[in-house]
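# Close look at the chain arrangement
Take a look at the letters that make up each chain.
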Amino acid sequence: MERKTHYDSVLDRSKSIMWQEDCYMDLQSTSSSVASQAETEDLGWIQKNEDQLQRFISTTFLETLLAHLSKVDVLSLDDLSKIKEAGQLQDQVKMLTTIVTCKETQGCAVLRGFIESSDSQVAQLIMNHNSMVKEHKEALLRQYDRHRDRDSVSCPKLNTSSRTLLLIDGLSDLQQKEHDLMQVGVTRGRKRNHLRQLELDKFLEPLTRVSLPPRFSLTVGVAGIGKTSCVRHFVRQWSHGVISTDVSFVLPLTFCELNSLEKLSAERLLKIAFPHLNDLSLVLSGLCRTLLIFDGLDKFRCTLKFSDALPCNDPKKEVPIDDLVTNIIRGNLLPDVSVWVTSRPGVASQIPGGLVDRLTEIPGFSTNDIQVFLNHHLSEREFASKIWAHLESHKIILMMCYIPCICWIVTNTLVYILQSGTEESLPRTFTELFAQFCAMKAEMGEPRGKEPIKMEQLHGTNRKLFGNLGRLAFYGLLKCKYTFSEQDLKAYGIDLLSTQCSLGTVLDREESAICTTYQFTHLTVQEFLAATFYYLSSKRAIFDLFSESTMSWPKIGFQNHFKSAFQHSQQAEDGHLDVFVRFLTGLLSSVALKPLTGLLVVGKDDGNQKTWAAGFLQGLLVSGVAAVSLRAVNIAYCLQELQHTELLRSVEEDLKLRSLAGKLTRASSVVLGYLLHVSPECSEQTNLIGALTYTTVKCLLPQLLYCHHLRLENNNFNDDVMELLGSLLSAKDCHIQEISLAENSISNKGAKSLSRALLVNRTLTSLNLRNNNIGSKGAKFLAESLKMNQVLVTVNFQNNAIEDEGAQALAEVLHYNRKLVSLNIQKNMIGPRGAKSIADALKTNRTLTNLILCSNQLGDKGTIALAEALAINHTLLSLQLQSNSISNRGMTALTTALRLNHSLVTLNLRENSIGVEGAKNMAHALQENNSLQELDLTANLLHDEGVQAIAGAIKFNQCLTTLHLQWNFIRSSATKALAHALLHNATMQLLDLQENAIGNEGIAYLAEALKTNASLHILCLQGVSMGTSGAIAMAKALMVNQTLQILDCFFSLAGHRCCWSISPLAMD
C-alpha cells in the first residue's frame, strides 16, 4: 500500500504548487532521506528484474509502457528515438532500463510503479516468475531426488540416465511391429543408423542457426533402456539450473498417472499434478517457455486415435483423457507449450510422424559398457571376471545385457549364485536366469551346498503370493497392461504390504500427487511370472486360459494348453507373446524349475513333456509360410530354452564349414535365421558362399536384413534373385553394410534392380560385383544411382565388361559423388577414351583415394591422361595400372606428374613395357617426390641400367618403403648399386628382387649391406641363382643384422627353401 501511495504521489501533479516555471514543491513529500531510500530501492528492483524485463516484455506491452513514460515526462522524444533504434525487442528493453536508471528524476519509481500496478500477464510474470520457478524446482527436487541412486544404477562411471540421445529420422518396421527383446536380438544392441548424437543439454535447442526449437519431441527406447531415468535426470538437472536454462517451467507427468483419470480439462490436470503452481495462466501463457513431459506412452491404458479424437482448443474444457493427450500433442491445446513424450517404439507409432518435430532414441549398453558396469558394481574382481566369462560363453544372455535394467537383473542374480558357492548352477538360458532371480527375491529356493528344505518348512504365503503375481502378470500381458493400481492388486489377492519385502519387491511402487501405481521390475519379469502361472494352471485347467471367463471352449491337458499358447503367439503380429512362450518352454526343463522348488508345487518330471514339446516345436519349424518370419525364428529361441539344440548345433557347424549347400530345408533356414541373431560371428560376416538358390534366398530374405557383412559369392545368382536382393536393400530395416555378389551371373537387368535399391539404401558402404556380366548398360544403371547415393564408399566392378562406355558413366559419378573412396574397375576392356573420362573427373574429385585400373587397355594415351590428372589431384592415395601396355612414353608422363603430386602413396606398374628410359625418369621423380611409399615395377624391361638409376635415387629418397623389381633382367652390377643405396637409405622396408639372375656375387653385395642397414624387414630372393657361397654370405650377415624379419629364397644349388624369420639364421 505504501508503494502505491508513493507512486501516486509521484504522478499527481495537482498536489503541487508551482514556485518557478521549471520547479515545484510537493506538499506531501516525505523527508529527503526517505526519498533517497525509495530511489535506491527502485533502482535495485530494476537491476534485480532486468533479466525478466528483457525476457518477458512483449512488443505491445513495451509500446504501452513507453507511451506512459513519455506522458509523465520520464522519457523525452530523443530517448524514445534511441530506444526504437536499438534493434531487436530485447535490445530496446535494455536501452530503456539504461536510460531510466541514468536519469536523476524518479524514472525508476515510475517504471516500477507502472509494472506493479498493471494486471497484465507480462507484469505478473516480471514480478512473480522467479519466486514461482524457485518453488516449483524445490518441489520437483523433493519428488525426484529419491530416485537418483536407482536411475544411475549406482554406477557414476556409467550414468545410464545421462547418455546421449540418437537423433533418428523415423521408426523402422522392426521397431513398430516386434517385441522389444526381438529388436535387441536382431540388432545385437548395436546403435542403429542415426543422423547425429544429441547431448541432453542440447535436446531442446535448434539443430541449426536458422531452425526453430522443437515443439513436440518423441523419445523411444525398448523397455528397461532408461527412458524414465533419462526424464528424471533431465528434470533434476533443469531444477539445479544446469541445462535448458531458457525453460521457465518443466511439468513432468507419467501416463501411469493419467490411467487413473477419466475426463478433465488441461488446466485441471496441471492443478492436480502441480498444486503449488498458483497461477497456471502465467505458466501456459506462451510468454515464458514451458516444457510438458509425458513419460511412458506404452503404459497408457488408452490407444491414441488421432483420426477420431474430437478437436479441442479450450484449456478449461473437460474432455476424455485420451482426447486431451491427443489435442495437446496436435497443438490444439496448449499450443505455446513444448511437449516431450517417451515410449517404447511399438506404441510410439500411434503418433503420426508429421506431428513429430524431433525423434530421438536411447541407445543401450555397448559391450564395453557392460564390462564397466560389472567392474564397478562388483567389489570382488573375481566375481566380475567370472560373470563376464559366463556371459561371453552364453551369448543369448549377454545379448540381453545391452538393456541396462536386464544387465542389473543378470548381475545381481549371478552374484547371488556365486556368493552361495554353486557356480555349477549359473544359468545357461533366459528361463534359468529368471527362475534364479525370483528365488533370490524370495530368499528361498534350494539352499546352495545344503540339503533341500522340506516342503513343510516353506512359507505358504510366498507360494500364494507367487501364484497371485503370476496371475496378475498373465492377464495383464494378455491385455497389454503393464501398470497396475492398488485396486488391481487387491483384485488378484495381492496384499499391498507384501509388495514392500521379499518376493513382492518384483513390483516397483510409484507415488505421485495424482495416484500410486505398481509395475514389474521389467517387462521380462512380468512375462516370466505369467509363464509360471500358465505352466501350473495348464495342468489342471479345463477351459482356455487365454480367456478370464469360464465361458470358453473346453481345453483339457497340458499339451492342449501348450499348443494354444503357441497358436496365440504365432497369430500375434506384434510378437508380444514371443518371450512368454520362450519362458513357458523353458519351464519344461528340470534345471529351470529347480530354483523354484519352494515357490511352485510341481509333480515329478519324467521328461516326457519335454520330449513331446521338442517334437512339437520341430514340427512348427517345418510348417508355415515360405518366408522365415520372426515368429518362426522365435521357435528356435524356444528350442534353445528347452536345451534341445541338436538342430541348432548342426546348422551352425555347417555354416562354419561352408557346407550348407543343398542342406537348407525350411527348418534349417529358420535355425539359420536364429543364428544370425544370437551368433556375433554369423551376423558380422554371414558366409553363404555357394549355399543359396532363388528359393532359399526368398525364404531367408526377412532375416538377411539384419546381417552386417553378407557374402553371397558363387551362388549362380541370376537377375531374378537380384529382384529379391534389391527389395532387401531397399527395406527401411536393412542393416547390411557390406555385400559381396562376386562370381555370379548378374547381367544389366540385375544391375538395374540393384541400382533402384541404391537410390534409397542408407546402410550399404561396400558393394562387390566382381566377375559378373553387367556390361556397359548395367554400369550406366548403377552410375545413375551412385550419383545420388551418399553412403557407398567402396565399389568393385572388376571383370564385368563395362568397356569405355561404362567407364565414362562411372566418371560422371566421380563428378557428383562425395562419398566414394575406392573404385575397382580392373579387367573391363577400358581403353584410352574411358581413361580420359576418368582422368577428367579426377581433376575435380576430392574424395576418391583408391583407383584400380589393372588389366585394361589404357596404353600410353590413357596413361598420359591420368598423369595430367595426377598433377592436379592431391587426394588419390593409390593408383593400380598393372597390365595396361604402358611404355616409356606413358612412364615419362607419370613421372612428370609425380614431381608435382604430393599425395600418391602407392603406384602399381607391374607387367607393362617400361624400359631403361622410363626407369631413369622414375629415378628423377623419386629424387623430388616426398609422398610415394610403395612402387611396383615387377615384370618390366628395366635391366641393369634402369635399376642402377633407381638405386641412385633411393640412396637419397627418404619416403619409399616398398620396392618390387621382380622379373626385370637384373644382374650383379645393378644389385651392387642397390646394396650401396641400402647403406644410406633408412626407410626401405621391403625389397623384392625375385626371378633376377643376380647370382652369388649380387647376394654378397646385399649381405654386406645388411650388416649396416637397420630398416629392411623383408627381402625376397627366390629364383636369383643363389648358390652355397651366397647362402653362407647371407647367413653371416644375418648373424649381425637385427632388423630383417623375413628372407625368402631358394638355394639354387641344393633346391632347399630357406626362410629367415629373425636372426640368427633359421632353416626351413
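Residues numbered from 1 in each chain as written. Predicted model: local features only at pLDDT ≥ 70, side-chain atom pairs only at ≥ 80, totals over all residues. Heavy atoms only, no water.

## Some thoughts on the nonpolar core
Leu391, Phe580 and Leu1021 are the most contacted members of the largest nonpolar core, which has 342 residues in total. Per element, the largest residue contribution to this core is 10 residues, and it comes from helix H25 (residues 523-537). Residues contacting phenylalanine 580, with those up to four places away along its chain left out, are Phe474, Leu477, Glu527, Ala530, Ala531, Tyr534, Phe546 and Ala565. (Core = buried A, V, L, I, M, F, W, Y, C linked by side-chain atoms within 4.5 Å. Buried < 20%, exposed > 50% of the residue type's maximum accessible area, 1.4 Å probe, protein only. Helix = DSSP H or I, 4+ residues; strand = E, 2+ residues; numbered from the N terminus. Contact = heavy atoms within 4.5 Å.)

## Observations concerning the side chain of asparagine 744
With respect to the helices and strands, asparagine 744 occurs in the loop between strand E17 (738-740) and helix H36 (748-760). Among the polar contacts listed, one links the side chain of asparagine 744 to the backbone nitrogen of phenylalanine 717, at a separation of 2.8 Å. A distance of 3.0 Å separates a polar side-chain atom of asparagine 744 from the backbone oxygen of leucine 741. Ignoring sequence-local partners within four residues, the contact set of asparagine 744 consists of Leu712, Glu713, Asn714, Asn715, Asn716, Phe717, Asn771 and Asn772. (Polar contact = N/O pair within 3.5 Å; in protein donor to acceptor, adjacent residues only side chain to side chain.)

## Looking at the sheet that holds strand E10 (residues 338-343)
To summarise the sheet geometry, strands pair through backbone hydrogen bonds and adopt either a parallel or an antiparallel arrangement. Pairing is mixed in the open sheet, where 7 strands are placed in the order E4-E3-E11-E5-E10-E8-E6. Looking at which strands have only one partner, the edges of the open sheet turn out to be strand E4 (196-198) and strand E6 (247-254). Ignoring strand direction, the axes of neighbouring strands in this sheet form an average angle of 25 degrees. By the bridge criterion, 2 bridges tie strand E3 (residues 165-167) to strand E11 (residues 358-361) in an arrangement that is antiparallel. Note that in E11 the partner of leucine 167 across the bridge is threonine 360. (Pairing = 2+ DSSP bridges. Axes fitted to C-alpha atoms, helices over the stretch in contact; angles between N-to-C directions.)

## Here we look at the side chain of serine 498
Counting through the fold element by element, serine 498 comes out in the loop between helix H24 (486-491) and strand E13 (507-511). Here serine 498 falls in the buried class, since its relative accessible area comes to 17%. A distance of 2.5 Å separates a polar atom in the side chain of serine 498 from the backbone oxygen of aspartate 495. The contacts of serine 498, once residues within four sequence positions are left out, are Leu465 and Gly504.

## Overview of the pattern of salt bridges
Tallied over the full model, the rule gives 28 salt bridges. Two residues, arginine 910 and aspartate 936, come together in a salt bridge whose shortest N-O distance is 3.2 Å. Of this pair, arginine 910 sits in the loop between strand E23 (906-908) and helix H42 (916-928) while aspartate 936 sits in strand E24 (residues 934-936); the two residues are 26 residues apart in sequence, bridging distant segments of the chain. Accessibility expressed as a relative area gives 21% for arginine 910, which makes it partly exposed. Taken together, the salt bridges that share partners define one network made up of Glu178, Asp578 and Arg631. (Salt bridge = Lys/Arg side-chain N within 4 Å of Asp/Glu carboxyl O.)

## What about the packing of aromatic side chains?
Within the structure shown, the criterion is met by 30 aromatic pairs. Centre to centre, the rings of tyrosine 534 and phenylalanine 580 are 5.7 Å apart; their planes meet at 85 degrees, and the pair counts as edge-to-face. Of the two residues, tyrosine 534 is situated in helix H25 and phenylalanine 580 in helix H27 (residues 578-586); the sequence distance between them amounts to 46 residues. Phenylalanine 580 sits in the buried class, given a relative accessible area of 0%. A cation over a ring is seen here: lysine 137 above tryptophan 238, with NZ or CZ 4.8 Å from the ring centre. A cation over an aromatic ring shows up here: arginine 582 above the ring of tyrosine 637, its NZ or CZ 3.8 Å from the ring centre. (Phe/Tyr/Trp six-rings, centres within 6.5 Å; stacked < 30°, edge-to-face > 60°. Lys NZ or Arg CZ within 6 Å of the ring centre and 35° of its normal.)

It is worth stressing that arrangement in space is one thing and function is another; only the former is reported here.
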